[in-house]
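# Geometric and topological summary
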Amino acid sequence: MSAAKPSAMIRYTALRLLIFVGCFFVAGVAVHFGLVPSGLGGSNVVWVILLGLVLSAPLSYVLLRKQRDEMSEQIITTVDRTKARLDANRTREDAVQ
């Protein structure tokens, strides 16, 4: 079970990064061909990065709902298990005294 925990986080992060890279590419092409205004002066790269972030955020929110739910379930399970372990250790210490 512990090997599955990182995989949901890694999968979510990789998919989120892929969506950003795709949006970055689309924004770069749109700026290059004049479909979207370019940045001021030398800020063109920063402008394209910001456009990629703005485009990828809502897409990630909608498209990665299933992966986000899986990841949150794994995190909740880990937190619950850790809380139970801490409570067990606390009661064990109380029984010794």
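Each value, and the rule that gives it
Within every chain, residues take consecutive numbers counted from 1 along the sequence as written. pLDDT decides what is reported in this predicted model: residues at 70 or higher carry local features, side-chain atom pairs at 80 or more are listed and counted, and totals for whole chains, interfaces and linings draw on all residues regardless. Hydrogen atoms and water are omitted, and side-chain values are computed over all heavy atoms in the structure. We count a stretch as a helix when DSSP gives it H or I for four or more residues in a row; a strand needs E for two or more, and each element gets its number in order from the N terminus. The buried label goes to any residue with under 20% of its type's maximum accessible area, the exposed label to any with over 50%, and the partly exposed label to all in between, with areas taken from a 1.4 Å probe on protein chains only. Any two residues having at least one pair of non-hydrogen atoms within 4.5 Å are treated as being in contact. Residue-level accessible areas treat just the shown protein chains as cover; the underlying method is Shrake-Rupley with a 1.4 Å probe. Every residue carries a pLDDT, the predictor's confidence in it, which falls somewhere between 0 and 100. In this scheme Phe, Tyr and Trp rings, the latter by its six-membered ring, pair at centre separations within 6.5 Å, and the angle between planes marks the pair as stacked below 30 degrees, edge-to-face above 60, and tilted otherwise. In this scheme, the term charge over a ring applies when either NZ of a lysine or CZ of an arginine sits within 6 Å of the ring centre and within 35 degrees of the ring normal. Think of a nonpolar core as a cluster: buried Ala, Val, Leu, Ile, Met, Phe, Trp, Tyr and Cys residues, connected wherever their side-chain atoms sit within 4.5 Å. We define a salt bridge as a contact between a side-chain nitrogen of Lys or Arg and a carboxyl oxygen of Asp or Glu at a distance within 4 Å. Helix span is expected to be 1.5 Å times the residue number reduced by one. Throughout, the bend at a residue refers to the angle made by two axes, fitted to the seven residues ending there and to the seven starting there.

### Concerning the overall build of the protein chain
Counting its regular elements, the protein chain contains three helices and zero strands. Helices (α) and strands (β) of the protein chain occur, in sequence order from the N terminus, as α-α-α. Burial statistics for the protein chain: of 97 residues in total, 18% are counted as buried. Pairs at least 24 apart in sequence give 69% of the contacts found in the protein chain among residues at least 6 apart. With an accessible surface of roughly 7,300 Å², the protein chain has 70% of that area assigned to carbon and sulfur atoms.

### Quick notes on the confidence of the model for the protein chain
Per-residue confidence for the protein chain gives a mean pLDDT of 86, with 87% of residues at or over 70. When mean pLDDT is compared element by element in the protein chain, helix α2 (residues 44–63) scores highest at 94, while helix α3 (residues 65–96) scores lowest at 86.

### Let's talk about the packing of aromatic side chains
According to the stated counting rule, one finds one aromatic pair in the structure shown. Lying across the ring of Y61, R65 places its NZ or CZ 5.7 Å from the centre.

### Notes on the nonpolar core
Judged by nonpolar contacts, A8, Y12, I19, C23, L64 and M71 together constitute the single largest core of six residues. The element best represented in this core is helix α1 (residues 4–32), accounting for four residues. I19 has contacts with S56, L59, S60, L63 and L64, leaving out every residue within four places of it along the chain.

### Side note on the environment of E70
Mapped onto the secondary structure, E70 falls in helix α3. What makes E70 partly exposed here is its relative accessible area of 27%. Remark: the alpha-carbon pair of E70 and Y12, spanning 58 residues in sequence, is separated by 9.2 Å.

### Things to note about the pattern of salt bridges
Inspection of the entire model under this criterion finds two salt bridges. The partner of E70 in a salt bridge is R11, and the shortest N-O contact between them spans 2.7 Å. Taken together, the residues E70 in helix α3 and R11 in helix α1 connect sequence positions 59 residues apart. On the basis of relative accessibility, which here comes to 36%, the residue R11 falls in the partly exposed class.

### A word on α2
Along its 20 residues, α2 runs 28 Å from first to last C-alpha, staying within 8% of the 28 Å computed at 1.5 Å per residue. The largest bend along α2 measures about 25° and falls at S56, with the proline P58 one to four residues further on. Along α2, the residues classified as buried are V48, L51, G52, S56 and S60.

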